[in-house]
Amino acid sequence: MDATRKKRLLWQLPFLTLLIVGTILIIRQQQTMPYQHTADFIFGTTYTVTYQCDSDMNASIKAELLKVDQSLSPFNKQSVITAINNNESATPDQMFLEVFRQAMIISEDTKGAFDITVAPLVNAWGFGFKHGEMPTPRQVDSLRAIVGYQKVSLVDGKIRKADPRMMLDCSAIAKGYGTDVVARFLRKRGVQNFMVEIGGEVVTQGVNPQRVPWRIGVTKPTEDSLSVGHELQTTLNVTDMAMATSGNYRNFYYKGNKRYAHTIDPHTGYPVQHNILSATVLAKSCMVADAYATSFMVMGLDGAQQVLQRHPELMAYLIYDDGHGGLAIWCSPSLKDRIAQ
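Residues numbered from 1 in each chain as written. Predicted model: local features only at pLDDT ≥ 70, side-chain atom pairs only at ≥ 80, totals over all residues. Heavy atoms only, no water.

*Asks:* Tell me about the packing of helix 2 (residues 58–72) against helix 7 (residues 171–188), residues and numbers included.
*Replies:* In contact at an axis separation of 10 Å, helix 2 and helix 7 are set at 145° when each is read in the N-to-C sense. In this structure, helix 2 meets helix 7 at a crossing whose hand is right-handed. Note on element contacts: helix 7 touches helix 2 through Ala174, Tyr177, Gly178, Val181, Val182, Phe185 and Leu186, opposite Ser60, Ile61, Glu64, Leu65, Val68 and Leu72. Here the contact of helix 2 with helix 7 is built from residues that sort into 10 nonpolar, two polar and one charged. (Axes fitted to C-alpha atoms, helices over the stretch in contact; angles between N-to-C directions. Helix = DSSP H or I, 4+ residues; strand = E, 2+ residues; numbered from the N terminus. Left-handed = near helix turned anticlockwise from the far one by under 90°. Contact = heavy atoms within 4.5 Å. Nonpolar A, V, L, I, M, F, W, Y, C, P; charged D, E, K, R; others polar.)

In C-alpha cells form, the structure reads like this:
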C-alpha cells in the first residue's frame with residue numbers, strides 16, 4: 001500500500017467510526033422509543049393511530065383530521081363541500097381540490113363506476129329502505145338527470161355544476177384521503193413507524209410495536225348487518241402501503257325477499273346486484289385505494305380485473321359468491337406474497 005492511499009484511509013477512518021456509532025445509536029433509540037396510541041371519532045366513524053414517537057401528537061393528529069372534515073364533510077354545515085352543494089360562492093381549498101381532481105381521474109378511468117355526484121340516488125334509496133318505500137322508476141330516472149361526473153367541473157378555481165340540484169359526496173374517497181393526510185403529517189414529523197386507520201382504511205409504514213411488519217386482516221363477508229362478527233378471511237402484510245376495503249355484506253336491505261346492496265350503480269340508478277361481496281385494494285395512496293375499492297363493487301369481478309390489468313401498481317383481494325352458497329377468492333398475482341395466512 002503506497003503512502004498516499006494509507007493517508008487517505010487514515011483520513012476516512014474517523015468518519016467511518018462516526019457513521020457506525022451514529023447508526024448504532026439510531027437503532028438503539030428506535031428500539032427504546034415508545035409507541036403512542038390515539039383513538040377517537042371523525043367523519044361519522046372511528047379512527048386509531050399507532051406511532052413510534054417520544055412525544056404525544058394526538059392533538060395535532062385530530063387537528064389534521066378536522067381540517068379534512070372542514071373541507072369534505074357533507075355533514076359539516078360550515079364545510080367547503082356543503083357550501084358548494086348549497087350553491088354558495090365558495091372557493092375550494094387545497095384539500096378539496098386534491099380530492100376532486102383525483103376523483104375525476106378515477107371516474108374517467110372506471111367509466112363512471114366511481115362518481116362523487118351519485119349522492120341524490122344514494123339518499124333516495126337509503127330513505128326508501130328506511131321508510132319501506134322504494135323509489136319508483138320515474139323517480140330514479142329523474143335523479144339520474146342530475147348525476148354524472150361529466151356534469152361537474154373545475155373552472156377558474158371554482159366548481160361548476162351543470163344543474164344547481166347536483167350534490168357532491170366524497171364519502172367513498174374522503175376516509176382514504178384523511179388517512180393519507182395523517183400519514184403525511186407523521187412523515188413530516190420524522191415518524192418512521194406508524195399505522196393510521198380510519199373506518200377500516202389503513203396506511204402503514206415501518207414496523208409495529210413487536211418490531212415486525214404491519215399485518216391487517218380482511219374481514220370474512222358474512223350477512224352480519226349488526227357488525228358483531230369479525231371473522232377474518234385472511235391477513236395481509238401491508239407494510240409501507242395503503243389498504244381500503246369496500247363491501248356490501250354488512251350494508252344491505254331486504255324487501256320482498258330480495259337483497260339490495262348499499263352501493264348504487266351511477267349508470268343505472270339502482271343498487272348493484274352481482275356476485276362480488278368484498279373488494280380490498282392496496283395502493284401507495286389510501287385515497288386511490290378507497291376509490292378503486294368502491295369502483296370494483298360497482299363494476300363486478302370482470303370489470304375490476306380489467307382495471308387491474310391496466311394498473312399494475314394496484315393490488316386487489318376480491319371475495320365473491322361462487323354461485324353455490326360458498327365464497328371464492330381472486331387476488332392480484334403480485335399480492336400473493338403479501339398474504340400472511
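*Asks:* Let's hear about the environment of Thr48: which residues, and what values?
*Replies:* Within the secondary structure, Thr48 is located in strand 2 (residues 45–52). By relative accessible area, which is 22% here, Thr48 ends up partly exposed. Apart from the residues lying within four places of it in its own chain, the contact partners of Thr48 are His37, Thr38, Ala39, Met195, Val196 and Glu197. (Buried < 20%, exposed > 50% of the residue type's maximum accessible area, 1.4 Å probe, protein only.)

*Asks:* Talk me through the nonpolar core; I want residue IDs and the actual numbers.
*Replies:* Nonpolar side chains tend to gather and get buried jointly when the protein is soluble and globular. Counting 56 residues, the largest nonpolar core has Phe96 and Phe296 as the members making the most contacts within it. In terms of residues, this core owes the most to one element, helix 8 (residues 286–310), which gives 12 residues. Apart from residues no more than four positions distant in its own chain, Phe96 is found in contact with Ser71, Leu72, Val80, Ile81, Ile84, Ile159 and Leu168. By size, the runner-up hydrophobic cluster in this structure holds 19 residues, among which are Ile61, Leu65, Phe185 and Phe194. (Core = buried A, V, L, I, M, F, W, Y, C linked by side-chain atoms within 4.5 Å.)

Geometric descriptors of this kind do not, in isolation, establish any biological role.
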